[in-house]
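# Working through the structure, step by step
Read off the chains here:
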Amino acid sequence: MSKALIIGAGGVAGVVIHKCCQNDEVFEEILIASRTLSKCDAIKASIKNSKTKISTAKVDADNVDELVALINKFKPEVVINVALPYQDLTIMDACLITKTNYVDTANYEPKDLAKFEYSWQWAYREKFKAAGITAILGCGFDPGVSGVYCAFAQKHYFDNIDTIDILDANAGDHGYPFATNFNPEINIREITAKGSYYENGKFIETDPISIKRVYNFPQIGNKDMYLLHHEEMESLAINIKGVKRIRFFMTFSQNYLTHLKVLENVGMTSIKPILFEGKEIVPLQFLKVLLPDPASLGPRTKGKTNIGCIFTGSKNGKPVNYYVYNVCDHEECYKEVGSQAISYTTGVPAMIGAMLLLKGLWKKPGVYNVEEFDPDPFMEALNKFGLPWNESFNPDLVD
Ligand SMILES: NC(=O)c1ccc[n+]([C@@H]2O[C@H](COP(=O)([O-])OP(=O)(O)OC[C@H]3O[C@@H](n4cnc5c(N)ncnc54)[C@H](OP(=O)(O)O)[C@@H]3O)[C@@H](O)[C@H]2O)c1
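A few points on the structure. A quick note: this is a predicted structure, and the numbers were derived from the prediction, not measured. (Residues numbered from 1 in each chain as written. Predicted model: local features only at pLDDT ≥ 70, side-chain atom pairs only at ≥ 80, totals over all residues. Heavy atoms only, no water.)

Moving on: the environment of alanine 171. Tracing the chain through its elements places alanine 171 in the loop between strand E7 (160–170) and helix H8 (184–192). With relative accessibility at 25%, the residue alanine 171 sits in the partly exposed group. Residues alanine 171 and threonine 251 lie 80 residues apart in sequence; the distance between their C-alpha atoms is 8.2 Å. Setting aside residues no more than four positions away along its own chain, alanine 171 makes contact with Ile220, Lys223, Lys302, Gly303 and Lys304. (Helix = DSSP H or I, 4+ residues; strand = E, 2+ residues; numbered from the N terminus. Buried < 20%, exposed > 50% of the residue type's maximum accessible area, 1.4 Å probe, protein only. Contact = heavy atoms within 4.5 Å.)

Here we take up the site of the ligand. Every one of the 28 residues lining the ligand counts as a neighbour, but Arg35, Thr36, Lys39, Ala61 and Asn183 are closest to it. Contact between the ligand and glycine 10: an oxygen atom at 3.2 Å from a main-chain N or O atom of the residue. Take glycine 11: an N or O atom from its main chain is 3.2 Å from an oxygen atom of the ligand. Alone, the ligand offers 930 Å² of accessible surface; in the complex the protein occludes 93% of this. (Near = heavy atom within 4 Å. Polar contact = N/O pair within 3.5 Å; in protein donor to acceptor, adjacent residues only side chain to side chain. Areas by Shrake-Rupley, 256 points an atom, 1.4 Å probe, with all protein chains shown as cover.)

If you look at the biggest cluster of nonpolar residues, it comprises 88 residues, and the most contacted ones within it are Phe27, Ile30, Phe311 and Ile352. Looking at which element gives the most residues to this core, the answer is helix H13 (residues 341–358), with 11 residues. Sequence-distant contacts of phenylalanine 311, that is, excluding residues within four places in its chain, are made with Tyr149, Cys150, Ala153, Phe158, Ile161, Thr163, Ile164, Val320, Asn321, Tyr322 and Val324. Counting 30 residues, the second largest nonpolar core, distinct from the first, contains Leu5, Val59, Tyr118 and Val367. (Core = buried A, V, L, I, M, F, W, Y, C linked by side-chain atoms within 4.5 Å.)

Here we come to the pairing of strand E6 (residues 134–137). Regular strands have side chains that alternate between both faces of the sheet. Alternating positions in E6 separate into two faces, Thr134 and Ile136 on one and Ala135 and Leu137 on the other, with burial throughout. As paired strands, strand E5 (residues 101–104) and E6 are joined by 2 bridges and run parallel to one another. Across the sheet, residue valine 103 finds its bridge partner in E6, namely isoleucine 136. Direction of pairing for E6 relative to strand E17 (residues 366–369): parallel, over a ladder of 4 bridges. Looking across to E17, one finds that threonine 134 is bridged to glycine 366. (Pairing = 2+ DSSP bridges.)

As structure tokens, then:
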């Protein structure tokens with residue numbers, strides 16, 4: 001009898017829950033817990049034809065005592081954290097106290113500092129080991145599948161990986177002048193931060209959105225993409241031994257960037273509190289209220305995403321170039337689970353990570369990034385659960 005507690009009831013949580021319920025042999029019982037109970041109940045009501053037993057609860061995931069009480073009552077084998085990165089540490093604390101396994105999709109970020117890195121969560125390694133519980137960090141698409149692709153390339157096709165380019169393209173159109181595909185606050189903090197890439201043993205910082213390339217994506221075509229700092233580079237630089245360069249690129253339309261620039265220029269993306277009519281507000285949090293809820297984009301979004309990794313390196317002394325990627329169709333995702341592809345491509349891997357943990361295939365006491373596990377069962381599950389991958393040994397390279 002496997003029980004999972006899913007924390008959060010947003011766009012990604014909706015997909016995780018649908019996918020767990022499609023996999024009812026593994027996920028026999030789930031509890032959906034979030035800040036707004038009505039959202040948990042709405043997701044529960046949208047699930048049809050599943051043997052998974054579902055219950056819902058209200059929880060403030062910033063409060064460790066509340067989380068501990070909820071976990072002790074439900075007694076799950078795993079907590080899947082698809083709330084916000086701000087809650088990672090409180091949820092990990094509650095997992096430690098209750099000796100419960102943990103999976104998330106984004107690394108910890110303090111609310112008052114636009115900085116995301118693994119150090120805070122890696123600091124739990126020894127404590128999780130001593131408690132005999134597993135934490136799988138960053139198990140969405142990127143981070144997540146991007147790291148699994150790296151472990152798979154390393155295991156099957158390379159003796160040495162020299163370079164990794166992670167390319168994230170979204171050619172979806174939701175018809176709004178400006179909207180983000182996942183939580184606007186987290187998304188805008190990520191894009192307006194300085195960029196960075198890893199080269200010859202160190203990270204090199206760049207100005208935000210200052211390095212542009214054009215890439216001809218399979219099934220999508222030519223897109224402008226920009227170099228960003230992204231969290232998986234931090235763990236891959238350690239776990240892919242000998243790698244010389246890692247970069248991360250994401251596509252943005254000129255329209256999106258113009259809106260973002262204007263909002264930034266007038267101070268709307270700032271996380272510094274300001275006084276408004278005698279009350280302190282954070283401009284970015286106010287902007288989030290004005291922007292479309294990413295969970296509502298599903299019925300309007302058309303087009304495809306393409307996310308993958310290009311590797312260069314060598315095997316048996318011969319040079320190898322390798323590209324592995326997934327193409328996901330927004331409308332197909334909506335038909336299947338009522339969400340657009342960004343939530344889908346994040347939620348499916350989170351379910352797979354939890355499934356492999358519950359099956360004992362990805363279970364080892366401690367705190368790990370996805371590339372530290374055997375990629376094969378994960379790659380097999382991606383094909384089975386809706387994110388099939390394609391390979392090319394002759395890809396266009398990014399200069
Ligand atoms: N790795 C990847 O590829 C990837 C890609 C996209 C997103 N992500 C991550 O996925 C996560 C979810 O994203 P999303 O787009 O689903 O966001 P979302 O739609 O904003 O959903 C977040 C959910 O968390 C709940 N929540 C926030 N604070 C809470 C608290 N203190 N206690 C309990 N619940 C709380 C929210 O409650 P309310 O409903 O009350 O607001 C909401 O239901 C984020 O961490 C994001 O960074 C990862």
